[in-house]
Amino acid sequence: MTVKKHFYLTTPIYYVNDVPHIGHAYTTLACDVLARYKRARGFEVSFLTGTDEHGQKVEKAAHAKGETPLELADRVVKRFQSLWEKLNVSHTDFIRTSQERHKLAVQEIFRRIEAKGDIYLGEYEDWYCTPCETYWTETNLLDGNCPDCGRPTEKLKEASYFFRMSKFQNQLLEHIEANPDFIQPKTRRNEILSFVREGLRDLSISRTTFSWGIPVPGNDQHIIYVWFDALTNYISALGFPNEDGDFADFWPCDVHVIGKDILRFHTVYWPTFLLAAGLPLPKSVFAHGWWTVEGQKMSKSLANVVEPNMLVDKYGVDAIRYFLLREVPFGLDGDFSHNALVHRINSDLANDLGNLVSRSTAMLSKYFNGSLPTPGELEEIDCDLRDKFVRQIDVVDAQMEALAFNKALQSIWELVSAANKYIDESAPWTLAKDPAQQQRLGTVLYNLLEGIRLIGLLVTPFMPDTGASIGSILGLGPEDQLLEEHDSWGLLKPGSTVAKAAPLFPRIETE
Ligand SMILES: [Zn+2]
């Protein structure tokens, strides 16, 4: 029996009262593509997403609506759950911080750190931004307002438990320095290195000003600070404090994928909590950039928040998945524009990929009645095509390992272009006119369909429905579509029946 390789990746848990927008969709889809790719490479994947449900903001919003905080959370969590379903997201677990399994984990990690003497009771006073649930020091404020959201802050003083984060400064620094891939991309790593070098302060990790949260073990006047609570989701979903089973199989996490706005929480707070609790650190944290819309920052007041449900209804799920991962290098900021989206759909999907599949299958249907011929001897042009595919599959693999999704798609599209060029150069319609060229025609069409098979396998993590369509056109079963076992050239069986493909992507008409 072979032991399966394990891979664990997470999205951040999203704030339950937010309305899901393109930024949430982007993070989650990037994780989904990676999860699907790893599965195709034979890994057993644990893919976690979920919602962050505690805190003063949810409590206030619920009271304003005459609901309990849990009633509100139960109602609005569906917005995320239904969107992930619509976007074909293949997460294996959905954690909600209001769940009992999560509470047990948070209280346990708190107890462990406290038992080691690294949590103490003190008094906290600083400038507090209620919407952000964050304390700011005087020097952080911008004209007295919150530097993150620009809203007014108020001076608050309360008894609070503190985490001795300062004690772990050097240990964290050493870890970041010894593990170049721990924080990615590199610019983010440098940002955190200089932040940590400036010195870490102890962190207030409890509040007494609201009650919707997880109580401090042994002192339920105090609610555990939202970030201490939220970050623990990554291990509570694995069954921690039970350290057998999923926790043993999947922790430490391979990658936490996050937006760059929550980098510090994931690369300073979370690792120091884990160090203090004596638990291994995640292998890497990857922070991606932000989306602007038609060149402008997304904001509710500009009414330009892109609603993912609407995009999927209008353009189809695979087109949206493709666009978001293709348009921008993962890690940098990107711009969402309808023109760019329509251009990608028409040019890359309808034209390049769609036409390749439809004209190849149409020729096979016309010249061989849809039955795949046995290839004859390979000519140089055939060998070039085959070799390019074989090489490029390794290139794509390295790019996927580096989470360079846009580069991987570019590489796959080089194969699409190569196959289209192969059609033009080998001119099957001319070969078809000469009965003496029948075997040559068969070889060309076999090679084309074989290329399409591999392209289908490679696009599947990005566009699962399209990959499945290509597979069914070629008559492949699910057992034939596992990339790890089927990424070599020449696996299509001569004599098998190939269906004539309907257009995979209709062109979008523009004015
Ligand atoms: Zn704020």
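Please refer to the structure placed before this passage.
Figured I'd write up the structure that's included with this text. Keep in mind that what you see is a predicted model, and the values were worked out from it rather than measured.

1. Quick word on the environment of N309
Then comes step 1: Structurally, N309 is set in helix α11 (residues 308-315).
Then comes step 2: Its relative accessible area of 22% is what places N309 among the partly exposed residues.
Then comes step 3: In the structure, N309 is positioned 225 residues away from W84 in sequence and 9.9 Å away in space, judged by C-alpha atoms.
Then comes step 4: Excluding anything up to four places from it in sequence, N309 contacts L83 and K86.

2. Digging into the layout of surface pockets
Then comes step 1: Computed from the structure, the second largest pocket encloses a volume of approximately 320 Å³.
Then comes step 2: Surrounding the second largest pocket, 17 residues form its lining, Q184, P185, K186, F286 and A402 being those nearest its centre.

3. Looking at the packing of aromatic side chains
Then comes step 1: Applying the stated criterion to the full structure yields 28 aromatic pairs.
Then comes step 2: Here the aromatic rings of Y14 and F80 are separated by 5.5 Å at their centres, their planes lie at 10°, and the arrangement is stacked. Note that Y14 is positioned in strand β1 (residues 5-15) and F80 in helix α3 (residues 69-86), a separation of 66 residues in sequence. You'll find Y14 and F80 in the same group, each marked buried.
Then comes step 3: An aromatic cluster is built from F110, Y161, F163, F168, W227, F228, F265, Y269 and F273, whose rings are joined through pairwise contacts.
Then comes step 4: Geometry around F43 places K5 over its ring, the cationic atom sitting 4.4 Å from the centre.
Then comes step 5: Above the ring of Y15, the side-chain terminus of K57 is found at 4.6 Å from the ring centroid.

4. Some details on the side chain of H256
Then comes step 1: Along the chain, H256 turns up in strand β12 (residues 255-259).
Then comes step 2: Within the structure, H256 has its side chain in polar contact with the side chain of T10 (distance 2.8 Å).

5. Details of the pattern of salt bridges
Then comes step 1: The final tally for this structure, using the stated rule, is 30 salt bridges.
Then comes step 2: The salt bridge partner of E67 is R75, with a shortest N-O separation of 2.7 Å.
Then comes step 3: In this structure, a network of salt bridges that share partners links the residues R41, D397, E484 and D487.

6. Observations concerning the packing of helix α12 (residues 317-327) against helix α18 (residues 464-473)
Then comes step 1: In the contact formed by α12 and α18, the axes pass within 8 Å of each other and the chain directions differ by 120°. Residue-level contacts link V317, D318 and R321 of α12 to P464, D465 and T466 of α18.
Then comes step 2: Of the residues belonging to the contact of α12 with α18, the class tally is two nonpolar, one polar and three charged.

7. What about the environment of Q296?
Then comes step 1: Looking at where Q296 falls in the secondary structure, it is placed in strand β15 (residues 296-297).
Then comes step 2: Distance in space between the C-alpha atoms of Q296 and E414 is 32 Å, their sequence separation being 118 residues.

8. Some details on the sheet that holds strand β9 (residues 206-207)
Then comes step 1: As summarised here, the arrangement of the three strands in space is β9-β11-β10, forming an open sheet in which the pairing is antiparallel. The sheet is open, and its two borders are formed by β9 and β10 (215-216), each paired with just one other strand.
Then comes step 2: As paired strands, β10 and strand β11 (residues 219-224) are joined by two bridges and run antiparallel to one another. Directly across from V216, in β11, lies its bridge partner N219.

9. Some points on the side chain of H54
Then comes step 1: Within the fold, H54 resides in the loop between β2 (43-52) and α2 (56-64).
Then comes step 2: At 2.6 Å, the side chain of H54 and the side chain of D229 are in polar contact.
Then comes step 3: Excluding its chain neighbours within four sequence positions, the residues that come into contact with H54 are Y15, T97, S98, W212, G213, I214, V226 and D229.

10. So, the packing of helix α14 (residues 380-401) against helix α17 (residues 438-459)
Then comes step 1: Running from amino to carboxyl end, α14 crosses α17 at an angle of 5°, the nearest separation of the two axes being 11 Å. For the element pair α14 / α17, the angle class is roughly parallel. Contacts between α14 and α17 involve I381, D382, L385, F389, I393 and V396 from the former and R440, T443, N447, G451, L454, I455 and L458 from the latter.

11. Quick look at helix α1 (residues 22-40)
Then comes step 1: The end-to-end C-alpha distance of α1, which contains 19 residues, comes to 26 Å, matching closely the 27 Å that a straight helix rising 1.5 Å per residue would cover.
Then comes step 2: Counting buried positions along α1 gives 18 out of 19 residues, so the element sits mostly inside the fold.
Then comes step 3: Among the residues trailing α1, G42 stands out with phi positive, at a value near 90°.

12. Looking at unusual backbone geometry
Then comes step 1: Cis rather than trans, the peptide bond between F240 and P241 has omega equal to 10°.
Then comes step 2: Relative to the elements of secondary structure, P241 occurs in the loop between α8 (233-236) and α9 (246-250).
Then comes step 3: Between W251 and P252 the backbone carries a cis peptide bond, its omega angle lying at 5°.
Then comes step 4: Structurally, P252 can be placed in the loop between α9 and β12.
Then comes step 5: Positive phi values are uncommon outside glycine, yet N88 reaches one of about 65°.
Then comes step 6: Mapped onto the secondary structure, N88 falls in the loop between α3 and β3 (93-96).
Then comes step 7: On the accessibility criterion, N88 (22% relative accessible area) is partly exposed.
Then comes step 8: Positive phi, normally seen in glycine, also occurs at A427, with a value near 40°.

13. Some remarks on the sheet that holds strand β6 (residues 154-163)
Then comes step 1: Strand order across the open sheet formed by four strands is β5-β4-β6-β8, with antiparallel pairing between neighbours. The outermost strands of the open sheet, each flanked by one partner alone, are β5 (134-136) and β8 (203-204).
Then comes step 2: Inspection of the sheet shows strand β4 (residues 119-129) paired to β6 by 10 bridges, in the antiparallel sense. Within β6, the position partnered with Y128 by the bridge is E154.

Parameters and conventions
Residues numbered from 1 in each chain as written. Predicted model: local features only at pLDDT ≥ 70, side-chain atom pairs only at ≥ 80, totals over all residues. Heavy atoms only, no water. Helix = DSSP H or I, 4+ residues; strand = E, 2+ residues; numbered from the N terminus. Buried < 20%, exposed > 50% of the residue type's maximum accessible area, 1.4 Å probe, protein only. Contact = heavy atoms within 4.5 Å. 1 Å grid on protein atoms, 1.4 Å probe; cavity = no way out; pocket = protein on both sides within 12 Å on 5 of 7 lines; lining within 4 Å. Points joined across faces, edges and corners; volume = space filled by probe spheres on them. Phe/Tyr/Trp six-rings, centres within 6.5 Å; stacked < 30°, edge-to-face > 60°. Lys NZ or Arg CZ within 6 Å of the ring centre and 35° of its normal. Polar contact = N/O pair within 3.5 Å; in protein donor to acceptor, adjacent residues only side chain to side chain. Salt bridge = Lys/Arg side-chain N within 4 Å of Asp/Glu carboxyl O. Axes fitted to C-alpha atoms, helices over the stretch in contact; angles between N-to-C directions. Nonpolar A, V, L, I, M, F, W, Y, C, P; charged D, E, K, R; others polar. Pairing = 2+ DSSP bridges. Parallel < 35°, antiparallel > 145°, perpendicular 65-115°, else oblique. Expected span 1.5 Å × (residues − 1).

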